[in-house]
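Architecture at a glance
Here is how the chains run, residue by residue.
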Amino acid sequence: MSVIDALLTHYNYYAVVLLLGIGVYMLVESTNLIKKVIGMNIFQTGIFLFFITAAYVEGGAAPVVHEGGGPYVSPLPHVLILTAIVVGVALTAVALALVVRIYDEYGTLDEEVLRQLYHD
Amino acid sequence: MTPSVLEVVLLVFVLTSALGAALLKDTLAAVMAFAAYSLGISIIWVLLQAPDVGLTEAAVGAGVMTILLLIALANTVRPSEDQLFERVRPRTVLAVGAFVLVMGATVPALPAVGATDSPVGSGEVTDYYLDNAYEETEVHNAVTAVLAAYRGFDTLGEAVVVFVAGVATLTVLRTEAFA
């Protein structure tokens, strides 16, 4: 299978890979803690895109079942991702609370300054 | 199946706003780019026939998440705007590039987008839910049926997580609003 063919048939999965890459880059490279939290969320939504794409069936309808309807896309990944989105927000809330607390204690959000303060 | 023009436009929009969130130096600009990203991805959910996920993402991802980030920004500091973009370090780009290449190499092994014979789309569990959800729960929306009935304990666990997160947030911030 040529690269172009793969890109045309697996486009969403390549977007997943790129989103995961951007998320990892932000987690590693951003020195600002709030941007790290944003990076974590981008990584998460990359995984969500993987699940929802896996659930998709060409020509399928949303899984609201009626007599004689169909085909439908798979409802199970949708449920898992609904749960994951809410858990992700809870995670973000705790992370941001910690960020605000760190700022109150140390007066900075810069990772490198924080490391310096920690070593002193 | 090949992507429609709308899908390509949305994917490019989503990837661009994610890159914007990564590279913009100003935190407020990064938060705005992330809000645009969430909105774009919620439209992708609708195109992929997942309206429930799309609604949740638009309300919670683009709405609540942006508000949380803005509250955090209001209580902390915005870095001084001496430059528009972050400094890009080649070492990290190389490491992340290798990660992306390795992940990308596995993609062709997956079933094509929308394949009718994919393990998820034609799986036993999927067929069971679609065939029996209405008779067993009298709910037309299979997603609701699975969320509230078949996987009800899962959803209870989710509620526990949200509760614990609320308690943790208040504890960390030493808020005495409920004391």
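These lines cover the structure that appears in this document, whether it is placed above or below.

Reading the values: rules and limits
Residues numbered from 1 in each chain as written. Chains lettered and ligands numbered in written order. Predicted model: local features only at pLDDT ≥ 70, side-chain atom pairs only at ≥ 80, totals over all residues. Heavy atoms only, no water. Helix = DSSP H or I, 4+ residues; strand = E, 2+ residues; numbered from the N terminus. Expected span 1.5 Å × (residues − 1). Buried < 20%, exposed > 50% of the residue type's maximum accessible area, 1.4 Å probe, protein only. Contact = heavy atoms within 4.5 Å. Polar contact = N/O pair within 3.5 Å; in protein donor to acceptor, adjacent residues only side chain to side chain. Core = buried A, V, L, I, M, F, W, Y, C linked by side-chain atoms within 4.5 Å. Domains from an automatic or database assignment.

Before going further, it helps to examine helix α2 (residues 27–47) of chain B. Along its 21 residues, α2 of chain B runs 30 Å from first to last C-alpha, staying within 8% of the 30 Å computed at 1.5 Å per residue. Phi turns positive, to about 65 degrees, at Q49 of chain B, one or two residues after α2 of chain B.

This brings us to the environment of G68 of chain A. Mapped onto the elements, G68 of chain A comes out in the loop between α3 (33–55) and α4 (75–106). Separated by 31 residues in sequence, G68 of chain A and V37 of chain A have C-alpha atoms that sit 46 Å apart.

Looking at the secondary structure, you find L23 of chain B in helix α1 (residues 5–23). On the basis of relative accessibility, which here comes to 23%, the residue L23 of chain B falls in the partly exposed class. Setting aside chain neighbours within four positions, we find L23 of chain B in contact with Y25 and K35 of chain A together with L84, F85, E86 and V88 of chain B.

Our focus in this paragraph is α3 of chain A. All names here are of chain A. For α3, spanning 23 residues, the distance from its first C-alpha to its last is 34 Å, which sits close to the expected 33 Å at 1.5 Å a residue. Counting buried positions along α3 gives 18 out of 23 residues, so the element sits mostly inside the fold. With a side-chain oxygen positioned 2.9 Å from the backbone nitrogen of I34, the residue opening α3 is N32.

Attention now goes to the nonpolar core. In terms of nonpolar packing, the biggest core is built from 66 residues, with L19, I38 and I42 of chain A together with W45 of chain B touching the most fellow members. At the level of secondary structure, the elements contributing two or more residues to this core comprise α2 (11–29), α3 and α4 of chain A together with α1, α2, α3 (51–75), α4 (90–106) and α6 (142–150) of chain B. Here this core gets twelve residues from one element, more than from any other, and that element is α2 of chain A. Both domain 1 (1–86) and domain 2 (123–179) of chain B contribute no fewer than three residues apiece to this core. Residue contacts for I42 of chain A: discarding those within four places in its chain leaves L19, I22, G23 and M26 of chain A together with A18, A21, F34 and Y37 of chain B.

What follows covers unusual backbone geometry. Peptide bonds are, in most cases, trans, and in most cases residues other than glycine have a negative phi. Residues and elements named next belong to chain B. For Q49, which is not glycine, the phi torsion reads 65 degrees and is therefore positive. If you trace the backbone, Q49 turns up in the loop between α2 and α3. On the accessibility criterion, Q49 (25% relative accessible area) is partly exposed. Even without being a glycine, E138 presents a positive backbone phi close to 60 degrees. With respect to the helices and strands, E138 occurs in the loop between α5 (124–137) and α6. Residue class for E138 comes out exposed when judged on its relative accessible area of 65%.

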